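# Fold and geometry: a report
Residue strings, one per chain:
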Amino acid sequence: MITQIFAAVALCASVGCSVAAESETTVSAAGVTLKSVSVTFPESDRRFPGGADAKAINSNCLICHSSGMVLYQPRLSPTTWGEEVAKMRKTYGAPVPDESVAAIVDYLSGLDPQD
Ligand code: HEC
């Protein structure tokens, strides 16, 4: 729990969100005081377009970087996208379930690169 709070604070520092202190609750026991805070993250408009077709990629590929990292790549073959998704999983440890890989590769293979 404390780790989650620290993670939220660190994320706030990096993305510039606000922590609303006025709604906090404090709990003390055994010399430890915990404070709950309400954290408001900024809305991101950098999700992948495409509605339902983009569900798998929006659920799995926005944890570490924005969609821009992906959308500004050139058009790539399904094989190359497959290798890219494998690299995210193996090299960077992206927690993408096996059953989502095909939908993500299909989505990526149908992208029209942005200029
Ligand atoms: C665990 C963190 C993490 C997740 C989750 C993640 N990536 Fe990445 N991704 C990275 C890192 C780290 C880089 C390299 C950034 C750099 O080179 O500056 C990267 C870079 C990329 C690039 C740029 C080309 C390259 O190979 O450097 C693409 C495209 C990409 N990711 C696609 C994806 C896709 C698609 C997914 C979802 C399947 C995904 N990423 C999920 C960490 C992640």
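See the structure printed just above.
Criteria and thresholds
Residues numbered from 1 in each chain as written. Predicted model: local features only at pLDDT ≥ 70, side-chain atom pairs only at ≥ 80, totals over all residues. Near = placed C-beta within 6 Å. Helix = DSSP H or I, 4+ residues; strand = E, 2+ residues; numbered from the N terminus. Nonpolar A, V, L, I, M, F, W, Y, C, P; charged D, E, K, R; others polar. Core = buried A, V, L, I, M, F, W, Y, C linked by C-beta atoms within 7 Å. Buried ≥ 20, exposed ≤ 12 C-beta atoms within 10 Å, placed from the backbone. Contact = placed C-beta atoms within 7 Å. Expected span 1.5 Å × (residues − 1). Arc of directions from axis to C-beta. Axes fitted to C-alpha atoms, helices over the stretch in contact; angles between N-to-C directions. Parallel < 35°, antiparallel > 145°, perpendicular 65-115°, else oblique. Left-handed = near helix turned anticlockwise from the far one by under 90°.

### A closer look at the site of the ligand
- C61, C64, M88, Y92 and A94 are the nearest of the 17 residues found near the ligand.
- Those elements that provide at least two residues to the shell around the ligand are α3 (68–71) and α4 (78–90).
- Of the residues forming the shell around the ligand, the biggest block, 4 residues, is contributed by α4.
- Here the residues of the shell around the ligand sort into 11 nonpolar, 4 polar and 2 charged.

### What about the nonpolar core?
- Counting residues in hydrophobic clusters, the biggest one holds 11 residues: F48, A56, I57, C61, W81, V85, M88, I104, V105, Y107 and L108.
- If you list the elements that add at least two residues to this core, you get α2 (55–60), α4 and α5 (98–109).
- Per-element accounting of this core gives the leading share, 4 residues, to α5.
- Those residues within four positions of M88 in sequence are excluded, and the remaining contacts are A94 and V96.

### Things to note about α5
- Between the first and last C-alpha of α5 there are 18 Å, a value that for 12 residues agrees with the 16 Å anticipated at 1.5 Å per step.
- Taken together, the buried positions of α5 are I104, V105, Y107 and L108. Seen from one end, α5 has its buried residues packed into an arc of 160°, which puts them on one side.
- In this fold, the buried residues of α5 make contact with α2 and α4.

### What about unusual backbone geometry?
- Of note in the backbone geometry, A30 takes a positive phi value of approximately 50° without being a glycine.
- With respect to the element layout, A30 can be found in the loop between β1 (18–29) and β2 (32–40).

### Describing the packing of α4 against α5
- Across the interface, α4 lies against α5 with an axial gap of 9 Å and an inter-helix angle of 130°. One element, α4, and the other, α5, form an angle in the oblique class. Between α4 and α5 lies a crossing of right-handed hand. Within the contact between the two elements, α4 uses P78, W81, G82 and V85 and α5 uses V101, I104, V105, L108 and S109.

### Structural notes on the environment of L71
- Tracing the backbone through its elements, the reader meets L71 in helix α3.
- Overall, the presence of 15 C-beta atoms within 10 Å leaves L71 in the partly exposed class.
- For the pair L71 and L108, spaced 37 residues apart in sequence, the C-alpha to C-alpha distance is 8.7 Å.

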